[in-house]
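The residues making up each chain are set out below.
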Amino acid sequence: MSEEIWSLWREFEELKTPEARFAACLDRVQSLFLNYNTNGHTWQKPGVTSEKVLKRNKILKENAPKLWEYAKEIIDDSIKRGYLKR
């Protein structure tokens, strides 16, 4: 059982399968949604910038384009609201 879990984790980290890339997309947008809905709480403490958030979520661009467009809207709105700095 532990070998199976470890194998799945490696698959996720290596992004070699469509399932792993989709899981990575969900992993990225989860923190985006959480930060947006908490007024950028964990972004503001360490001074996270919009550039860092865009870079972290760029995996969406190729693997979930509609989600990428929505993520960009959230990032832009977060800048307007002062949750993120440019």
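The preceding data block contains the structure.
Residues numbered from 1 in each chain as written. Predicted model: local features only at pLDDT ≥ 70, side-chain atom pairs only at ≥ 80, totals over all residues. Heavy atoms only, no water.

(A) Quick peek at the packing of helix 2 (residues 18-37) against helix 6 (residues 65-81). Running from N to C, helix 2 and helix 6 point in directions that differ by 30°, and their axes come no closer than 11 Å. Taken together, the axes of helix 2 and helix 6 lie roughly parallel to each other. Taken as a pair, helix 2 and helix 6 cross one another with a handedness that is left-handed. Contacts from V29, L32, F33 and Y36 in helix 2 reach L67, Y70, A71, I74, I75, D77, S78 and R81 in helix 6. Each residue belonging to the contact of helix 2 with helix 6 can be placed in one class, and the counts come to nine nonpolar, one polar and two charged. (Axes fitted to C-alpha atoms, helices over the stretch in contact; angles between N-to-C directions. Helix = DSSP H or I, 4+ residues; strand = E, 2+ residues; numbered from the N terminus. Parallel < 35°, antiparallel > 145°, perpendicular 65-115°, else oblique. Left-handed = near helix turned anticlockwise from the far one by under 90°. Contact = heavy atoms within 4.5 Å. Nonpolar A, V, L, I, M, F, W, Y, C, P; charged D, E, K, R; others polar.)

(B) Seen up close, the pattern of salt bridges. Applying the stated criterion to the full structure yields six salt bridges. Of the charged contacts in the structure, one is a salt bridge between R10 and E3, with a shortest N-O distance of 3.5 Å. Across the pair K72 and E69 runs a salt bridge whose closest N-O atoms are separated by 3.6 Å. Of the two residues, K72 and E69 are both situated in helix 6; the distance of three residues between them amounts to about one turn of the helix. Look at K72 and you get partly exposed, because its relative accessible area is 28%. Salt bridges sharing common partners tie together D27, R28 and R56. (Salt bridge = Lys/Arg side-chain N within 4 Å of Asp/Glu carboxyl O. Buried < 20%, exposed > 50% of the residue type's maximum accessible area, 1.4 Å probe, protein only.)

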